[in-house]
Amino acid sequence: MNVKSELEYNKKAIKAILGSDDVIFFDFEAGDKAAFCVYVDSITDKELLGLEVIAPLTKADASKSILNLSKRITLANIKTIDKINDAAQEVLNGNTAIFIDGKKKAVTVDLKKFEVRAISEPPTGLAVRGPRNGFTESIKSNLSLVRRYLKSSDLKVENFEKGQYTHTSIAFVYIDGIARPEIIDKVREKIKAINVDGIPDSSYVAKLLSERKTSLFKQVGSTERPDVLIERMLEGRVGIIVDGSPFALTLPYLLIEDFQAAEDYYISQYRANLVRALRVVAMIFSILLPAVFVAAQLFHLQIIPLNFLLTIVNGIKEIPFSPSLEMFFVLLIFELLNETSVRMPKYVGMALAVVGALVLGETAVNAGIVSTPAILIMALSGISIYAIPEIVETTSVLRFVYLLIAGSLGGYGLIALTAFIVLYLASADNYGAPYLAPYSPVLLNDFQDGLYMNNVIGMVRRPASLGSKNKIRQKLK
């Protein structure tokens, strides 16, 4: 539907599309001709509209072309549009559309004014040392943070708009000359192929970009920290920033990423390596400890030290459940407390978690439903699972699976399940990067920043697993 020279026709046509009470139609005089502007009340800077758009147009010579009239508006991002539908979409995007009688084109001006959260320290990925700023829900604010860190002409930003109803802005960012062209092309095509009703958060995009969509394991990296996004881009990854989400996505994703924290690169390498080792131990404890405890009680009593075995026997002699059912019950209570504390208001949730754990744990032991060793084992597993918060979704499910196998097949089942998972992950290829790199396949160069971290000044080459053509990160004298 084209814009016509009859003003009333244009007004009726755009009202038919934007029939909502918060869409404002304002009539005014552009020189000696009638005109009107249309905008969404809640997302438009009305003061700027009056001073910089309407005021100059009222003094303009309306006999001139629409292009000359638009030059009277002293603002950036001005477009001339000849279709009603395009003008309506610009209004929904937060711009203001101006129609003048006798003109077959409309003018749109960027006057968006969204209420956004101030830049602050992100709640995830906290660091004692390092930058304190984090991404917000505004894509412009997030891109400004990226530009603040990367003052290079090689930083490329490609904008997309996806979602049939949400028309969500997506920014695809990468460093030209570092990111592998094959990865850039593949991610770009996948973003172009997105065809959904709406994208309220970057997690939707992450699922659509995943190569193994039914996999239990994470496929796309994410971060709330600009410094982490920049560091990953400098290694050869690409980033995706979605409007309305404080989490930026990165590809390709490697499992080793979640054992690395932002603060590791700002503190002593010895402390960083100690913490990374603790994260590995925590992951093993969180997944295997309950399962191994159950398997040992049911199938492998000989591996339990005698004194500890006597303690367990004394603790479970009055328990009516089998070791596996007992541990399932304790794990279920833990998950319920965790879910409730997350969903409840902040301060109530904290109190509920503490009181619930103490009261339920003590009462269950005194009532003879569960044993003290089972509570202790689950407490250690529950504490350990949050040492690597980025993979809690995966480890919490794996804990149930391992517990089920331990209760039915014992230690041999646990070994077989672990071998299956390792083989599955070793065969996974995420956008051309081996999922378990640098350990499968063995990439000696990438050992500098694996579970063991070399000194930052010793990381001369980029990760070989990402295949960047620009392999040198720094030249040492």
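Placed above this text is the structure.
Given the structure is predicted, the values throughout are model-derived calculations rather than measurements.

How each quantity is defined
All residue numbers refer to position in the chain's written sequence, counted from 1. Given that the model is predicted, a residue must reach a pLDDT of at least 70 before its local features are reported, and side-chain atom pairs must reach 80 or more before they are shown or counted; all residues, however, enter totals for whole chains, interfaces and linings. Processing note: side-chain calculations cover all non-hydrogen atoms of the structure and skip hydrogens and water entirely. Note on terminology: a nonpolar core comprises buried Ala, Val, Leu, Ile, Met, Phe, Trp, Tyr and Cys residues joined through side-chain atoms within 4.5 Å. Partly exposed residues are those whose accessible area sits between 20% and 50% of the maximum for their type, while under 20% is buried and over 50% is exposed, using a 1.4 Å probe and protein chains only. Here a strand is any run of E in DSSP of at least two residues, a helix any run of H or I of at least four, and the numbering for each starts at the N terminus. In this analysis, two residues are considered to be in contact whenever any of their non-hydrogen atoms come within 4.5 Å of each other. When DSSP finds two or more bridges between two strands, those strands count as paired. A helix is expected to span 1.5 Å multiplied by its residue count minus one. The arc in question is the one traced by the directions running from the helix axis out to the C-beta atoms. The rule for a salt bridge is simple: a side-chain nitrogen of Lys or Arg has to be within 4 Å of a carboxyl oxygen of Asp or Glu. Note on aromatic contacts: the rings of Phe and Tyr and the six-membered ring of Trp form a pair at centre separations within 6.5 Å, being stacked when their planes are under 30 degrees apart, edge-to-face when over 60 apart, and tilted otherwise. Only lysine NZ and arginine CZ atoms are considered, and such an atom sits over a ring when it is within 6 Å of the ring centre and within 35 degrees of the ring normal.

Engineer: Can you help me understand the nonpolar core in this one?
Structural biologist: Generally speaking, soluble globular proteins have nonpolar side chains that are buried together. Leu-255, Tyr-402, Leu-414, Ile-421, Leu-425 and Tyr-435 are the most contacted members of the largest nonpolar core, which totals 26 residues. Contributions of two or more residues to this core are made by α9 (269–298) and α14 (392–427). Of all the elements, α14 adds the most residues to this core, at eight residues. Other than its neighbours up to four places away in sequence, Leu-255 contacts Leu-425, Tyr-435 and Leu-436. Formed by 21 residues, the second largest nonpolar core is a distinct cluster that contains Ile-184, Val-205, Ala-206 and Tyr-431.

Engineer: Help me out: how do you make sense of the pairing of strand β9 (residues 238–242) in this one?
Structural biologist: Side-chain positions along a regular strand alternate between the two faces of the sheet. Judged by how many residues are buried, β9 sits mostly within the fold: five of five residues are covered. Neither face of β9 is open: one carries Val-238, Ile-240 and Val-242, the other Gly-239 and Ile-241, and all of them are buried. In this structure, strand β7 (residues 168–175) lies alongside β9, joined through four bridges in antiparallel fashion. Note that in β9 the partner of Ala-171 across the bridge is Ile-241. Between the antiparallel neighbours β9 and strand β10 (residues 248–251) lie five residues, among them Gly-244 with a positive phi of about 95°.

Engineer: Please explain helix α11 (residues 323–343) as it appears in this structure.
Structural biologist: Residues spaced three or four apart along an α-helix point in a common direction, a consequence of the helix completing one turn every 3.6 residues. Its 21 residues place the ends of α11 30 Å apart at the C-alpha level, agreeing with the 30 Å of an ideal helix rising 1.5 Å per residue. Within the span of α11, buried status applies to Pro-323, Ser-324, Glu-326, Met-327, Val-330, Leu-331, Glu-335, Leu-337 and Ser-341. Down the axis, α11 shows its buried residues gathered within 165° of arc, on one side only. Structural note: α11 exposes Leu-325 and Arg-343 on the side pointing more than 90 degrees away from its buried face.

Engineer: How do you make sense of the pattern of salt bridges when you look at a structure like this?
Structural biologist: If the charged atoms of two oppositely charged side chains come close together, the side chains can form a pair. Applying the stated criterion across every chain yields a total of 20 salt bridges. As a salt-bridge pair, Asp-110 and Lys-112 come within 3.0 Å of each other at their nearest N and O atoms. Given the relative accessible area of 18%, Asp-110 is considered buried. For Lys-112, a relative accessible area of 29% translates into the label partly exposed.

Engineer: Would you explain unusual backbone geometry in this entry?
Structural biologist: Both trends apply: most residues other than glycine have a negative phi, and most peptide bonds are in trans. Looking along the chain, the bond that leaves Leu-251 and enters Pro-252 is cis, with omega of -5°. You can see Pro-252 is positioned in the loop between β10 and α9. With an omega of 10°, the peptide bond between Ala-437 and Pro-438 qualifies as cis. Within the fold, Pro-438 resides in the segment after β12 (433–434). Of note in this structure, His-167 is not a glycine but carries a positive phi near 45°. Tracing the sequence through the fold places His-167 in the loop between β6 (155–162) and β7. Exposure remark for His-167: the relative accessible area of 25% places this residue in the partly exposed category. Even without glycine at this site, Tyr-431 takes up a positive phi of about 55°.

Engineer: Help me understand the side chain of Glu-235 in this model?
Structural biologist: Checked against the element boundaries, Glu-235 lands in helix α8 (residues 226–235). Discounting chain neighbours no more than four positions away, the residues touching Glu-235 are Ile-178, Asp-449, Arg-462, Pro-463, Leu-466, Ser-468 and Arg-473.

Engineer: How should the packing of aromatic side chains be read in this particular structure?
Structural biologist: The description of an aromatic ring pair rests on the distance of the ring centres and on the angle between the ring planes. All told, the structure shown has eight aromatic pairs when counted by the stated rule. Between Phe-25 and Phe-36, the aromatic rings sit 6.1 Å apart at their centres with planes inclined by 35°, giving tilted as the arrangement. One end of the pair, Phe-25, is in strand β1 (residues 23–30); the other, Phe-36, is in strand β2 (residues 33–40), with 11 residues separating them in the sequence. Seen in terms of ring centroids, Tyr-439 and Phe-447 are 5.1 Å apart; in terms of plane orientation they differ by 40°. Their pairing is tilted. For Tyr-439, a relative accessible area of 37% puts it in the partly exposed group. Grouped by ring-pair contacts, the aromatic residues Phe-25, Phe-36 and Phe-99 constitute a single cluster. In this arrangement the basic side chain of Lys-4 is found over the ring face of Tyr-9, its NZ or CZ atom lying 4.6 Å from the centre. The ring of Phe-36 carries Lys-11 above its face, with NZ or CZ at 5.2 Å from the centroid.

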